[in-house]
Amino acid sequence: MRLSNLDQDTHNLSSKSCSTPSTSSRMAEAEKPAIRITTTTQIFKGHRDSIFGVAVFPDRRRMVTASYDQKLRLWDLENGAVLKIIQGNRSGIRELAVSRDGEWIASGNNGGEVIAWNKDGESLTQPIKAHSKAIGSLDFSPDSTFLASGSWDTTVELWNTKTWLVEGEPINCGSDVRCVRYSPFGEYLAIGTQSDIQIWNPRKRERIIEFLGHSGLGAWNTTLAWTLDGKQLVSAGSASDPTIRIWDSANWQQVGEPCKGHANFIHMIALNPTGTLLASASEDNQVRLWRLSDRRTIAIFKHSDEVYCVAFSKDGKYILSGGRDAIISKWAVPLVEDILKDQASDDAASWKDTLKEQVADNAEQSDCEILTINMTARNACVTGDLPTADRLLTQEINADTKDYNSYANRSFVKARNSDWDRALDDALKSISVQPSLMGCISKGIALCGKRQFEDAMKAFDIAFMYVDADLNKTRLLLLIKAIALFNANQHEEAILRVQELATTRPNPNSLACGIVEAYLHLQLGMNALDDARHNEAADHFAAAVNTIVFSSILAIHSRYDIFVVVG
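Here is what the cut-offs are and how they apply
Residues numbered from 1 in each chain as written. Predicted model: local features only at pLDDT ≥ 70, side-chain atom pairs only at ≥ 80, totals over all residues. Heavy atoms only, no water. Helix = DSSP H or I, 4+ residues; strand = E, 2+ residues; numbered from the N terminus. Polar contact = N/O pair within 3.5 Å; in protein donor to acceptor, adjacent residues only side chain to side chain. Contact = heavy atoms within 4.5 Å. Axes fitted to C-alpha atoms, helices over the stretch in contact; angles between N-to-C directions. Parallel < 35°, antiparallel > 145°, perpendicular 65-115°, else oblique. Left-handed = near helix turned anticlockwise from the far one by under 90°. Nonpolar A, V, L, I, M, F, W, Y, C, P; charged D, E, K, R; others polar. Salt bridge = Lys/Arg side-chain N within 4 Å of Asp/Glu carboxyl O. Buried < 20%, exposed > 50% of the residue type's maximum accessible area, 1.4 Å probe, protein only. Pairing = 2+ DSSP bridges. Phe/Tyr/Trp six-rings, centres within 6.5 Å; stacked < 30°, edge-to-face > 60°. Lys NZ or Arg CZ within 6 Å of the ring centre and 35° of its normal. pLDDT = per-residue confidence, 0-100.

1. Quick notes on the side chain of S141
Along the chain, the position of S141 falls in the loop between strand 11 (135-140) and strand 12 (146-151). For S141, the side chain forms a polar contact with the main-chain nitrogen of T145, separated by 3.2 Å. Dropping the residues within four chain positions of it, S141 is found in contact with R100, F146 and Y182.

This is the structure:
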């Protein structure tokens, strides 16, 4: 089951959701203070100078940091231990990147040198004089085959990660390069400079468009980030315009109002794994946490000095930030109830709207916690590039044979290829390493495909043990179970199970009816898809997603992604 045709529908919805709020509503929003969190959950000490880079590995257990003290450090995220001090740079390190598959580390220093390392911190190259001035940014392509390096010498170079040699001529940008970022599927390379934002086709070395961005307000374009679907580019500016702006990749026009709150140069921005929250690091000594759906600051994390880098943990529950204080601070992303308590309003109507939005956001976090998967592999599943997804997940399994999540995820990929025997084999391996929700779901889907329905239903029933009484996870599991039955041509059984749910719920007019309606749309959509009526199928899938309340277009993408991956 592929839902990529939903993109056009959700794009149309996005144009509505990003409309500019009225002056009165903006004033109402401004009256609600953000929750301020000044106590870290953990700190990582060891560097002797400013920290300019932090990145978390896909294994979720390690992070790497880069400092002006000329060293990288590998850390154990759980206990804070330094696993390795990586030396070799001959000047202060300004930039850091880890490949999407977690195999490579790249550092760039103030002397224009790049060094490549493997995931264990062993050097793959000597310092390479890549640029004549400081490295301004590094980023790996989504498939990890190229590394882009941008420099204050106004050029961008593309490095082949097999040979660690430059391929092709440098991209001349005409101004100091502050940031380079590949789009999620690798078709674009966004470059932020002191004078504009440029979008390039990296394969053809063709510039698609350039626009002023923050430079139109006298500022530099300091940092960039793509939304998970690649439909929007997020940018931030220097001290003359310390705002965050969002650009529509269909026409490169600004979407909605900017995010305002920082008082100084914004050095880095990062999206959480579900693409709904954004963190920004600034010289005003703050990391701000923003909700993209309404541009609202929902948390402020106070440092003792300027902040230069920020990243989310792979589960999205923590923020890691560092800067001039030479310390990495770990902050817990606040729970919804804490935000609600701090943002309480005397306006009852406004309170009701805020509550609905934030509860929806919380539901989204619960929904997305079901699916734990490398973002590049997830994107490959969404676009139907199953060989790439299979290859990436196999790499993760080879790197860690105890990675039960990767076994379950590869089982889904095998199931989508109707390779039911291998799908079941991977599902059983996942459960043998560690029984889990996704392991049981993958087993249920594989058994459905093998038409062993009684055993499949037992696997799904066991999966309910792992939802922790979470209504949102239960809702998704019921839908996945019904879809698995439907895909195995057990239409009547699937419909009967959903209808029974509607009649047994205490309040059939609320959640249960939403589930029934969503499932009926899914049924119609899959039938239309089988008959190659793609537009009709997309309409039904969009209706199914919209039947259950969502708070933003990014949440829509996060939800139908799970059905694509497991369906």
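2. Here's the deal with the packing of helix 9 (residues 437-449) against helix 10 (residues 453-463)
It is the contact of helix 9 with helix 10, at a shortest axis distance of 8 Å, that shows an interaxial angle of 165 degrees. Classified by the interaxial angle, the pair formed by helix 9 and helix 10 is roughly antiparallel. The way helix 9 lies across helix 10 gives a crossing that is left-handed. Contacts between helix 9 and helix 10 involve L437, C440, I441, K443, G444, I445, L447 and C448 from the first element and F453, D455, A456, M457, A459, F460, I462 and A463 from the second. Among the residues making up the contact of helix 9 with helix 10, the classes are represented as 13 nonpolar, one polar and two charged.

3. Examining the pattern of salt bridges
Taken as a whole, this structure holds 15 salt bridges when the rule is applied. For the salt bridge of D400 with R61, the shortest nitrogen-to-oxygen distance reads 3.3 Å. Pair noted here: D400 is in the loop between helix 6 (386-399) and helix 7 (404-416) and R61 is in the loop between strand 3 (51-56) and strand 4 (62-67), with a separation of 339 residues, a long-range link. Of the charged contacts, one joins K414 and D390 as a salt bridge, the two residues approaching to 2.8 Å between their closest N and O atoms. Of this pair, K414 sits in helix 7 while D390 sits in helix 6, and the two are 24 residues apart along the sequence. No difference in accessibility class separates K414 from D390, as the two residues are buried. What you see here is one network of salt bridges that share partners, running through R291, D294 and R296.

4. A short note on the pairing of strand 23 (residues 266-271)
Across the six residues of strand 23, six count as buried, placing the element largely inside the fold. Here strand 23 hands over to strand 24 (residues 277-282) after five residues, with G275 in that stretch at a positive phi of 75 degrees.

5. Describing the sheet that holds strand 28 (residues 318-323)
With respect to topology, four strands assemble into an open sheet ordered 2-29-28-27, the strand pairing being antiparallel. Whereas interior strands pair on both sides, the edge strands pair on one side only; in this sheet they are strand 2 (42-45) and strand 27 (307-312). Averaged over all neighbouring strand pairs, the angle between strand axes comes to 20 degrees, with direction disregarded. For strand 28 and strand 29 (residues 327-332), the ladder comprises five bridges, and the chain directions are antiparallel. Bridge pairing in strand 29 places Y318 opposite A332.

6. Here we look at the packing of aromatic side chains
Taken as a whole, this structure holds 10 aromatic pairs when the rule is applied. Taken together, a centroid distance of 5.5 Å and an interplanar angle of 80 degrees make the contact between F44 and W75 edge-to-face. Pair noted here: F44 is in strand 2 and W75 is in strand 5 (residues 72-76), with a separation of 31 residues, a long-range link. In textbook terms, an aromatic cluster arises when at least three aromatic residues are bridged by ring pairs, as seen for Y188, F211, W226, W247 and W252. The ring of F57 is capped by R62, whose NZ or CZ atom sits 4.1 Å from the centre of that ring. One Lys or Arg, R94, reaches over the ring of F52 and ends 4.8 Å from the middle of that ring.

7. Some remarks on the confidence of the model for the protein
With 73% of its residues at a pLDDT of 70 or more, the protein has an overall mean of 81. In this model, residues 505-513 is a region of pLDDT below 50 whose contacts with residues beyond four sequence positions or in other chains number eight contacts. This stretch, residues 549-560, has a pLDDT under 50; its non-local contacts, to residues over four places away or in other chains, come to 42 contacts.

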